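So the chains spell out like this:
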Amino acid sequence: MRRLLVAGSVLALLPLSACSPTSGGADDGVRLLGETGTVRVAGAVGDGGDLPDADDPAYDAALSTPRTDPVYPVVGDPGLDALHYDLDLGWDPDARLLTGHETLVLRATGDADRLVLDLSDALTVTAAALDGTPLPEDAVQHADDDLVLAVDVVADQRYVLELDYEGTPLPVAAPTTRSDFSTNGWTTGEDGSTWTMQEPYGALTWYAVDDQPADKAFYDISVAVPDGWTSVANGTVADDVVAAGVRTTDWHLDAPAASYLVTVATGDHVRTDLSAGDVPVTTWVPTSSSRGVAVAAAPGALRWVEGRLGRYPFDSLGVLVVDSESGMETQTMLTLGDTEYATSPAVLVHEIVHQWYGDLVTPTDWRDLWMNEGMAMYLQAIYQAENSDYTLEQLMAYWYDQDAALRRSYGPPAQARPESFGESNVYLSPAVMWHLLRGRIGDRTFWRLVRAWPRTHADGNAGTDAMVRWWSRRSGVPTSFFDAWLRGERTPPYA
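Before going further, it helps to spend a moment on the environment of Val432. One can find Val432 in helix α6 (residues 428–441). Val432 sits in the buried class, given a relative accessible area of 1%. For the pair Val432 and Arg367, spaced 65 residues apart in sequence, the C-alpha to C-alpha distance is 18 Å. Beyond its immediate sequence surroundings of up to four residues, Val432 is in contact with Met396, Trp399, Tyr400, Trp485 and Tyr494.

Rendered as structure tokens:
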């Protein structure tokens, strides 16, 4: 990852606790440019730097089949398949300015005279190039959160797109009736600290992206912030350097991820290093938060989940606490709101389950959200019953009693209404379905299949029909059982 960062003098900030970056030298790619008082990434389009080899077979694991999402067709484009995002970001908290250089390795899915990406119109593209050739200004059209590049591409050919951009990011309205969040994407606090949650979409608020679940890609994210601050993203830290008053941290994610599972945050965090067996676990908690003790339960939660689902599928696990009331299963780095419930052991279990159900295997489109939430909610229920004075059967009966009202208000789990994203119909009803299926086929077969499904579809996508067929064939339970629970307008029998 290139780090061509430009920084002026910055205000002195609180020292970081429990983190020790190295001091940058003459060759670390960071340099001082005047006394501007800003942190920014230098424009790198057309600078003659080496481009990645788009045909490198290492990218093959990120090959996807993008599509027009039937629930939220305004985001995502089936014309390209993103393979690797390399994001060099600079965040100036005083100016509320984000600068970025993006290098995107992509595959064209068909012959076309344009490429289309999602990018908020709060950000301005200042330069673009395809395979090292700068694009003229009239070849770059940007309006209504669509970035349209007038270029000729050939089906199944791979390309390297470079973009320089900057602006003040703004979150987008979330298509939900939930009370714990109303916007998605890049969110800036009063002190200039930032965080992101972006399900079902919102990554477009801070980089150019094919913002749909069907398109998984590798990520390298480098973030420059004033010295004394931290930046947190998915994966593990590849480099951490301070030079000229700027701290630059490089994050590497070595498994493909959908855009809604990507996270980035800046601010003043305390890092704590833990472990669960041979899995390194890190927590990142704002110095203003008291949730450090709560999220330190992550290793125990991971061990509990591994006892049901098998070995953790990634190389590391992190927990990031942010100024939100919600939580997200962002891949390898959970993003949890700074509340008692969002950082509770039950929610840690829930979001860790998603690393198998949602992250390792990701929905093909947003009709399939129940595939993530139903299993995560069911294992959360098992955990809660083991650690409370009520039984699992009592909890399932309670959730079953809510099913009819949820279907009336929000639709069946696999046909949820677009304006009510993430409501309880995709959590509770599928959880009850899994419980009843377990009773039908027995624990041994049930848990064997629960473990096998993510392994069978690792690093890929799957939809409702594929999951129903897979489970029906292996469990011997007819597809009508699943269809009644997932698509029926009426509550199925509790049997």
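Back to the text.
A few words on the sheet that holds strand β25 (residues 333–337). The strand order across the open sheet built from five strands is β21-β22-β23-β25-β24, with neighbouring strands paired in mixed fashion. The sheet is open, and its two borders are formed by β21 (269–276) and β24 (327–328), each paired with just one other strand. Bridge count between strand β22 (residues 279–286) and strand β23 (residues 317–322): four bridges; the pairing is parallel. Bridged to Trp284 within β23 is Leu320. Strands β21, β22 and β23 of the sheet are contacted by helix α2 (residues 298–309), whose axis makes an angle of about 35 degrees with β21. Here helix α3 (residues 345–353) sits on the sheet in contact with β23, β24 and β25, set at roughly 140 degrees to β25.

Take the confidence of the model for the chain next. Here the chain averages 93 in pLDDT, while 93% of its residues score no lower than 70. Low pLDDT, under 50, characterises residues 1–20; the stretch is placed with 86 contacts to residues that sit more than four places away or in other chains. Counted against residues more than four places away or in other chains, residues 24–36, with its pLDDT under 50, gives 29 contacts.

Once that is clear, we can look at the sheet that holds strand β7 (residues 115–118). With respect to topology, three strands assemble into an open sheet ordered β7-β11-β10, the strand pairing being antiparallel. Two strands bound the open sheet, and with one partner strand each, they are β7 and β10 (140–143). Averaged over neighbouring strand pairs, the angle between their axes works out to 15 degrees when direction is ignored. Sheet topology note: the β10/strand β11 (residues 146–149) ladder contains four bridges and is antiparallel. Note on β11: the bridge partner recorded for His142 is Leu147.

Each pair of packed helices can be described by the angle between their axes along with the distance between the axes. Where helix α4 (residues 369–386) meets helix α7 (residues 443–456), the closest approach of the two axes is 13 Å, and the angle between their N-to-C directions is 135 degrees. If you check the angle between α4 and α7, you find them oblique. Crossing hand, α4 versus α7: left-handed. Judged by residue contacts, Met371, Met375, Tyr378, Leu379 and Ile382 of α4 engage Phe446, Trp447, Val450 and Trp453 from α7. Taken together, the residues of the contact of α4 with α7 break down into nine nonpolar, no polar and no charged.

On to α3. Counting buried positions over the nine residues of α3 gives eight, a clear majority of the element. Of the positions making up α3, those classed as buried are Ala346, Val347, Leu348, Val349, His350, Glu351, Ile352 and Val353. Among the structural elements, α1 (292–295), α2, β23, β24, β25 and α4 are those in contact with the buried residues of α3.

Nonpolar side chains in soluble globular proteins tend to be buried together. In this structure, Trp206, Tyr207, Trp434, Trp471 and Phe482 are the most contacted members of the largest nonpolar core, which totals 142 residues. Looking at which element gives the most residues to this core, the answer is α4, with twelve residues. If sequence neighbours within four positions are ignored, Trp471 has contacts with Tyr357, Trp434, Leu437, Phe446, Leu449, Val450, Trp453, Gly476 and Phe482.

Turning next to the packing of aromatic side chains. Applying the stated criterion across every chain, the model contains 24 aromatic pairs. An angle of 75 degrees between the planes, with centres 5.8 Å apart, marks the rings of Tyr312 and Trp356 as edge-to-face. Of this pair, Tyr312 sits in the loop between α2 and β23 while Trp356 is found in the loop between α3 and β26 (361–363), placing the two residues 44 residues apart along the sequence. For the pair Tyr312 and Trp356, a shared accessibility class is recorded, and that class is buried. A centroid spacing of 5.3 Å and a plane angle of 85 degrees characterise the contact between Phe481 and Phe482, whose relative ring orientation is edge-to-face. No difference in accessibility class separates Phe481 from Phe482, as the two residues are buried. One aromatic cluster in this structure is built from Trp370, Tyr378, Trp434, Phe446, Trp447, Trp453, Trp470 and Trp471.

Parameters at a glance
In this convention, every chain numbers its residues from 1, walking through the sequence in written order. Only residues with pLDDT of at least 70 get local features here, since the model is predicted, and only at 80 or more are side-chain atom pairs given and counted; chain-wide, interface and lining totals rely on the full set of residues. Heavy atoms throughout the structure, all of them, feed into the side-chain values; hydrogens and water do not. Labels follow the DSSP assignment, with helices taken as runs of H or I lasting at least four residues and strands as runs of E lasting at least two, numbered in each case from the N terminus. When accessible area is computed with a 1.4 Å probe and restricted to protein chains, residues below 20% of their type maximum are described as buried, those above 50% as exposed, and intermediate ones as partly exposed. Any two residues whose heavy atoms approach within 4.5 Å at even a single point are treated as in contact. One requirement defines pairing of two strands: DSSP has to find at least two bridges between them. For every element, the axis is a line fit to its C-alpha atoms; helices are fit only across the contacting stretch, and the angle between N-to-C directions ranges from 0 to 180 degrees. pLDDT measures how confident the predictor is about each residue, on a scale from 0 to 100. Throughout this description, any angle smaller than 35 degrees is read as roughly parallel, any larger than 145 degrees as roughly antiparallel, any in the 65 to 115 degree range as roughly perpendicular, and the remainder as oblique. Crossing handedness: left-handed means the near helix sits turned counterclockwise from the far one by under a right angle, and right-handed means the same turn made clockwise. As a working rule, the residues Ala, Val, Leu, Ile, Met, Phe, Trp, Tyr, Cys and Pro are called nonpolar, Asp, Glu, Lys and Arg charged, and the rest polar, with Gly in that last group. In this description, a nonpolar core means a group of buried Ala, Val, Leu, Ile, Met, Phe, Trp, Tyr and Cys residues linked to one another through side-chain atoms lying within 4.5 Å. When the centres of two rings from Phe, Tyr and Trp lie within 6.5 Å, Trp using its six-membered ring, the rings pair. Their planes under 30 degrees apart give stacked, over 60 give edge-to-face, and anything left gives tilted.

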